[in-house]
Each structure stands twice: as structure tokens, then as C-alpha cells.
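Each chain, letter by letter, is given below.
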Amino acid sequence: MLVSTTIQATDSSLDSIVAKVANQERLTLADGIALYESPDLWTVCSLADNVRRRMHGDITYYNINRHINYTNVCALSCKFCDFHRKKDQEGAYEHSLDDIKNEAALAVESGATEIHIVGGLHPWLPFEYYTSMLEAIGEIAPEIHIKAFTAVEIVHLARITKRARDGIAGISSVLEELIECGLGSLPGGGAEVFDDRVHDEVFRGKIGGEKWMDVHRVAHQLGINSNATMLYGHVETQEDRINHMLLLREEQDRALECDNYGKFQTIIPLPFIPGVSELAHLPGPCGVENLRTIAITRLMLDNIPHVKAFWIMQTLQMAQHMLECGANDIDGTVVWYDITKVSSDTTHQECTVADLQRAIIDAGFVPVERDTLYRKVMRDGTRWSIEERPITVH
Ligand code: V47
């Protein structure tokens, strides 16, 4: 699709970037920093909107999904996180396999196409808990795609099965076993910001960027897709954010060169939500910072097809604005979500399909229900099938 790029920046330091975007040339670290520093937010967002419309026209994706956070017990205590609890701490929980089966049955009943599963690094749950969870969901909900376990959880599983000492081979063997049990793809969580200083300051003890990337690379080699996130608005600099994006872009270049590899499907910038975390004294990013970051993500990551404005963290109202600043996906119905709470005090954070569609239409876009792999879903109530033809951009 051709979209004309007749953008006149009021900030002349953006002129060369305007020309590059019009010519579909790759942006550099210096360009990314200029986009952050420019007072001309309108141009930054308009450029991203141009790229988004070139790639996706006026389509905005949503899905019918269900998130399951199976435990909040975590061996780590990352400073930005107010989800984690220690085993005997008030509010600590771990869901039984029966709880998970009930959720899977409810997911089928609601017509969900995806279950998204993540949790803390529980010190005592055995590997069989995870494999049985995947198999049980597969029995109850064979059509549903299971997107589960961040890279950090995969490394944790390699450790508890004593495969971590085999390095990449150990990670590969864990992933292969999970795929056999029904794992369909990896979510993007746990990437935070790929920078050693930031790592040591706010999530020391968690795997660093190289390990995170190793896990996603192995997943891609095994043929499954994954997503990527960037948790911004705490102690990182704007340069750290752009470097994070460039590392993802390089990795995606490598994946795209190989036949039969999986790839990064979606980049999800996550605004830091202070909550009652150890970093609660920080304000978290404000609205325009969120718009700008979504826009810059679209512009820098030219080889990742989708940019998601996760409505749970961005709010549905801000996600609507983000559709004009580079985002083309807002995630789904979600139902339960425990990691952050912005618009709700409870873990019941659900958005109906009607509300997701209304938000997209009111923002001037065309809602399209997708499955996890961005295929169009044909729906008759809670019964659904996948349209095999690629989605036409109009
Ligand atoms: O891994 C934790 C982050 C992630 C906070 O792949 C926080 O489609 C903000 O990754 N403020 C989980 N963020 C969420 C996630 C995700 C969400 C939606 C879709 C997909 C996808 C992935 O949330 C964690 C961590 O990076 N996080 N604490 C916080 N206070």
C-alpha cells in the first residue's frame, strides 16, 4: 500500500529522518535519539503513522484470549515488580492443575483462540507441573494456541531440570519438551532493558539481555515465533532504549535470513507502572512519553511486523491514541491479569469484544480479530476457524 509522506517537520533536525522514512531507509542510533529529543512530537508520531499505514493500512488487531498467572511466588525480587511474593508471604498463591483446567474450559466457552501463561520463578514447583499444565490445556482446549513462559522462566526450567549446565543445548531440550507438550510460542516478557547498568540496578539476579536473546534465538531455531518487550520509564536512558531496539532488530535480521526459523512477531513497549514496587517513588512515564515511545519503536524496528499497545498497561484510552502513532494491535479480552493494575484494583481486568471493537472504530480504524499468529479469525459466536488467505491491507 502506498501512503504519501508529505510531512513537514517544524524541527529541522528531523528533516533527514523524514527523508529516510519516505525512502524506507533504516534509522540509526543517532536518529533514534534525535526522535526522543525533538520537541516536534507531532512529526515523530506522524512518521510512525505513515509506516504503520504502509504496513497495515487501517487495520487494528485484537484477539479473544485469556491470561493465566499460575503463581506469584518468585525466587527473584526485581525492584520494578510488585507482583512477586515469597512463599509464606500474605497473598502468595500457586494455582493447581485443576484451577488451570477450569480456566481452559472457560476459555473454550468464551471462544478464546489463545491462552497466555506467565508466572514467577517458583522455587519448588517441579518441571512436571509445567508439562502437565500444557498437556491438560491441550486436552481440554486442543484448538487454542498456548503462548507461555518468558525467557526467564525457560532458563529457570533449565536450572531445575539440571540442564542449564548444558548451556544452549539445555535450553533447547527444555523448549523441545515444552513444544511437544503443546507450547505454541513465547510471549515477549522479561526483556526489560538490555543494559548491564540497568540490569544491576533494578533486576539483578534475573537473566541479562544475552541470555534472554539466546532463549528467543533457540525458540526461533526450533521454528516457533515469539514476541519482545521493552520495560521503559524507570532508571534507563533514552539511549538505552534505542540500543535495546537495535539489538532486537539485529536479532530479527538474523532470524529472517534463515528458512523455517520462527521470528519476532510483535514488539510491545511496556510503560513502567510503579504500583507498590521498590521503585514506587519514581513517577513512571507520562502519556506523551508513551506515545513517543510507541512511535519510535515503530520507526526503529522496521523488521518486526507488529507493534502492540497493551491496553492493560497503557489504558484503553491511550491505546486508542497509539493507533495513530505506530501501534496496530491492542491485545485482547485478557480477563485475569495480576502483574500490573492500572485501571482496576483487582486481577479481574477484562475488556469485552464489543468494547475493544468500539475503541478501535472510534479511533478511526478497522478492527480485525486475529489468532496468535496474526491469521484472520472467522467467527460465529464462540465457534471459530482460521482464514488461511493472508489479510488484505486496505
Ligand atoms: O515480564 C513487570 C513487565 C511483563 C512491571 O507477548 C512490568 O504478547 C510494567 O510481557 N510495570 C509481562 N511492566 C507482560 C508481558 C506481555 C504483556 C502483554 C502481551 C505480551 C505478549 C507480553 O511485564 C514482565 C515484565 O517485563 N512488568 N512489572 C511493572 N511494574
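Residues numbered from 1 in each chain as written. Predicted model: local features only at pLDDT ≥ 70, side-chain atom pairs only at ≥ 80, totals over all residues. Heavy atoms only, no water.

### Quick notes on the pattern of salt bridges
Inspection of every chain in the model, using the stated rule, returns 23 salt bridges. In this structure, Lys147 and Glu114 form a salt bridge, with 3.6 Å as the shortest nitrogen-oxygen distance. Linking Lys147 in strand 4 (residues 145-148) with Glu114 in strand 3 (residues 114-118), this pair joins segments that are 33 residues apart in sequence. Across the pair, Glu114 and Lys147 agree in class, each one buried. (Salt bridge = Lys/Arg side-chain N within 4 Å of Asp/Glu carboxyl O. Helix = DSSP H or I, 4+ residues; strand = E, 2+ residues; numbered from the N terminus. Buried < 20%, exposed > 50% of the residue type's maximum accessible area, 1.4 Å probe, protein only.)

### What to know about the nonpolar core
Counting 119 residues, the largest nonpolar core has Ile117, Phe149 and Trp212 as its most contacted members. Once residues lying within four places of it in the same chain are set aside, the contact partners of Trp212 are Ala151, Gly188, Gly189, Gly190, Ala191, Phe194, Ile207, Asn227, Ala228, Leu248 and Phe264. (Core = buried A, V, L, I, M, F, W, Y, C linked by side-chain atoms within 4.5 Å. Contact = heavy atoms within 4.5 Å.)

### Some details on the sheet that holds strand 10 (residues 366-369)
Read across the sheet, three strands follow the order 9-1-10 without closing on themselves; strand pairing throughout is parallel. Where the open sheet ends on each side, the last strands, each with one partner, are strand 9 (329-332) and strand 10. Each adjacent strand pair in this sheet contributes to an overall mean axis angle of 25 degrees, direction not counted. In this sheet, strand 10 lies alongside strand 1 (residues 59-63) in parallel orientation, the contact comprising four bridges. Looking across to strand 10, one finds that Tyr61 is bridged to Val368. (Pairing = 2+ DSSP bridges. Axes fitted to C-alpha atoms, helices over the stretch in contact; angles between N-to-C directions.)

### Topic: the packing of aromatic side chains
All told, the structure shown has 10 aromatic pairs when counted by the stated rule. Both rings, one in Tyr129 and one in Tyr130, keep their centres 5.4 Å apart while their planes meet at 85 degrees; by these two values the pair is edge-to-face. Each member of the pair Tyr129 and Tyr130 is classed as buried. Ring centres of Phe194 and Trp212 lie 5.4 Å apart, and the angle between their planes is 50 degrees; on these two criteria the pair is classed as tilted. Pair noted here: Phe194 is in the loop between strand 5 (183-185) and helix 8 (196-202) and Trp212 is in helix 9 (residues 209-221), with a separation of 18 residues, a long-range link. Judged by its relative accessible area of 9%, Phe194 falls in the buried class. A relative accessible area of 0% places Trp212 in the buried class. Put simply, the rings of Tyr70, Tyr129, Tyr130 and Phe149 pair up and form one aromatic cluster. In this structure, Arg370 is placed above the aromatic ring of Tyr374, and the distance from its NZ or CZ to the ring centre is 4.4 Å. (Phe/Tyr/Trp six-rings, centres within 6.5 Å; stacked < 30°, edge-to-face > 60°. Lys NZ or Arg CZ within 6 Å of the ring centre and 35° of its normal.)

### Here's the deal with helix 9
Between its first and last C-alpha, helix 9 extends 18 Å over 13 residues, near the 18 Å set by a 1.5 Å rise per residue. Trp212, Met213, Asp214, Val215, His216, Val218, Ala219 and His220 are the residues of helix 9 that are buried. In this structure, the buried side of helix 9 is in contact with helix 6 (151-160), helix 7 (168-180), strand 6 (226-232), helix 10 (238-256) and strand 7 (264-271). Looking one or two residues beyond helix 9, the residue adopting positive phi is Gly223, at roughly 95 degrees. (Expected span 1.5 Å × (residues − 1).)

### Some thoughts on the packing of helix 6 against helix 9
Contact pair helix 6 / helix 9: the axes reach a minimum separation of 9 Å and the direction vectors enclose 85 degrees. The orientation of helix 6 relative to helix 9 falls into the category roughly perpendicular. Counting all contacts with helix 6, which are made through Ala151, Ile154 and Val155, the residues of helix 9 involved are Lys211, Trp212, Val215 and His216. Class assignment for the residues of the contact of helix 6 with helix 9 results in five nonpolar, one polar and one charged. (Parallel < 35°, antiparallel > 145°, perpendicular 65-115°, else oblique. Nonpolar A, V, L, I, M, F, W, Y, C, P; charged D, E, K, R; others polar.)

### Description of the site of the ligand
As a matter of local geometry, the ligand sits amid 23 residues, with Lys147, Gly188, Gly190, Glu192 and Lys308 nearest to it. Phe80 places a polar main-chain atom, nitrogen or oxygen, 2.9 Å from a nitrogen atom of the ligand. In the model, an oxygen atom of the ligand is placed 2.7 Å from a nitrogen or oxygen of the Lys147 side chain. Look at the ligand: alone it shows 620 Å² of surface, and the protein chains cover 96% of it. Looking at the shell around the ligand, the elements with two or more residues in it are strand 6 and strand 7. (Near = heavy atom within 4 Å. Polar contact = N/O pair within 3.5 Å; in protein donor to acceptor, adjacent residues only side chain to side chain. Areas by Shrake-Rupley, 256 points an atom, 1.4 Å probe, with all protein chains shown as cover.)

Purely geometric stuff here, so don't read any function into it on its own.
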